[in-house]
Structures are given as C-alpha cells and as structure tokens.
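Spelled out from the first residue to the last, the chains are:
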Amino acid sequence: ELQSANASLSQSQRAALGLMEEAQEARRLSERASAGLRESEERYRTLFDSMTEGFALHEIITDEQGRPCDYRFLDLNPRFEQLTGLKRADLQGKCVRQALPGIEGHWIETYGRVALTGEPTRFESFAGALDRWYEVFAYRPAPRQFAVVFSDVTARKRAEEALRRSEALLRAVLDHSPDAIFLKD
C-alpha cells in the first residue's frame, strides 16, 4: 500500500509540475501578447500625436425623434488644438454646443448624417465660432460615432477671395474705361 501511495504521490507531483509549467508558459505568452499590445498602442499614439492634420473622435447626440442635435468630444490630437485654438482639457467629454455656443447647425447635421448612416463625406466649410475655414473628411468608426480629419484652409480661401475681388476690380476698370486697352502677350 505504501508503494501504491508513493506511486500516486509521484503521479500527483508530475501532474502538479505539468500544471505549473503550463501556467508559466501561459504567463510568458500573455506577457508577450501584452508587450505586443503596448507596442501597437504606442505606435498608434505616436501616429495620432504627430499627424499634420487635426483629428477628433465624437459621439452624436440625438433628440427624441432621432435627429442629431449635438455631439460630444471623445478624443482629439494635438494638431486639433493647434488648428482650432481649443484645448483638449476643455473639450474632452463636453458637447459642442457647450464648448462653442455659436456653432452653425450644418456642422451637427452633416456629422449626424455620417454617424447615423455610415456614409463618409468630404467638404469645406467656414466655422464662424472659430473664424476659420476647414477642409474636412468625416467617417463613422463605430455606430453613433464619427471621426474627423481636417486641415485649416483659411489662408487659401482668403487668397481666393482677394483674387476674385482683384479680378472684379480689373474687370470694372476695363469695362468702364473710355480709352481702348490692348493686351499683348
């Protein structure tokens, strides 16, 4: 009986050692997976923080009828701050109507359509509350959310407007001049 007990104990010890080895291997695999995840998150954060375009992730808010009426800031990159003058600490978790009370309704409507339908859009528009023109690409990364990637195109828009005014002035001068004017290349 002692021999049988020793055999049983030896078998239990081998099983326990096997389980310990499996647990250690599982821990090593978990640590490697965690390290890989940390590296992936670090690459994402580096890309996110060094983008030349502004980026923001939002959640759309709808009224009782399901119509977009506001949106909440979930995350944004440093370039967003530079292009808008708005700070992450002041925006994260807040709604746009709270952060920018003068926001034009077309921003909420456009972003709401993207968040609710999943159809991405690209457009240029003036943000009166910021006195800036933006070129925007908006898409839906998850239901009821939208992300925007944007650039400030204010300088280009102002240059285009100055050119239009200059051309209109030249046209008016030419149209109303009593003298004949010849253009030569």
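Preceding this section is the structure that the text describes.
Residues numbered from 1 in each chain as written. Predicted model: local features only at pLDDT ≥ 70, side-chain atom pairs only at ≥ 80, totals over all residues. Heavy atoms only, no water.

*Asks:* So, the overall build of the protein chain: which residues are in play, and what are the values?
*Replies:* When helices and strands are tallied, the protein chain shows 6 helices and 5 strands. When its helices and strands are written in sequence order, the protein chain yields α-β-β-α-α-α-α-β-β-β-α. Within the protein chain, contacts between residues separated by at least 24 positions form 47% of all contacts whose residues are at least 6 apart in sequence. As presented, the protein chain carries roughly 12,800 Å² of accessible surface, and 53% of it is formed by carbon and sulfur atoms. (Helix = DSSP H or I, 4+ residues; strand = E, 2+ residues; numbered from the N terminus. Contact = heavy atoms within 4.5 Å. Areas by Shrake-Rupley, 256 points an atom, 1.4 Å probe, with all protein chains shown as cover.)

*Asks:* Give a detailed account of the sheet that holds strand β4 (residues 132-139), specifying residues and quantitative values.
*Replies:* Strand pairing in a sheet takes place through backbone hydrogen bonds and is either antiparallel or parallel in direction. Pairing is antiparallel across the open sheet formed by 5 strands, whose spatial order is β2-β1-β5-β4-β3. Each having just a single partner strand, β2 (68-76) and β3 (121-127) make up the two edges of the open sheet. Ignoring strand direction, the axes of neighbouring strands in this sheet form an average angle of 35°. Pairing of β4 with strand β5 (residues 145-152), which is carried by 6 bridges, proceeds in the antiparallel orientation. Bridge pairing in β5 places Ala 138 opposite Val 148. (Pairing = 2+ DSSP bridges. Axes fitted to C-alpha atoms, helices over the stretch in contact; angles between N-to-C directions.)

*Asks:* Quick one: what's the story with the pattern of salt bridges, residue by residue and with numbers?
*Replies:* Here the structure, examined in full by the defined rule, presents 6 salt bridges. The partner of Arg 72 in a salt bridge is Glu 59, with the nearest N and O atoms 3.1 Å apart. With Arg 72 in strand β2 and Glu 59 in strand β1 (residues 54-62), the pair connects residues that are 13 residues apart, well separated along the chain. Assessed through its relative accessible area of 27%, Arg 72 is described here as partly exposed. Measuring nitrogen to oxygen at the nearest pair gives 3.3 Å for the salt bridge that ties Arg 67 to Asp 63. (Salt bridge = Lys/Arg side-chain N within 4 Å of Asp/Glu carboxyl O. Buried < 20%, exposed > 50% of the residue type's maximum accessible area, 1.4 Å probe, protein only.)

*Asks:* I'd love a proper account of the packing of aromatic side chains, names of residues and values included.
*Replies:* All told, the structure shown has 12 aromatic pairs when counted by the stated rule. Here Phe 73 and Phe 80 contribute two aromatic rings whose centre-to-centre distance is 6.1 Å and whose plane-to-plane angle is 75°, an arrangement assigned as edge-to-face. An identical accessibility class is assigned to Phe 73 and Phe 80; each is buried. Summarising the aromatic geometry, the rings of Phe 126 and Trp 133 are spaced 5.6 Å apart at their centres and angled 55° between planes, so their arrangement reads as tilted. The class for Phe 126 is partly exposed, based on a relative accessible area of 29%. (Phe/Tyr/Trp six-rings, centres within 6.5 Å; stacked < 30°, edge-to-face > 60°.)

*Asks:* Pulling in residues and values, what's your account of the pairing of β2?
*Replies:* For β1 and β2, the ladder comprises 7 bridges, and the chain directions are antiparallel. If you follow Ala 56 over to β2, its bridge partner there is Leu 76. Here β1 hands over to β2 after 5 residues, with Gly 66 in that stretch at a positive phi of 85°.

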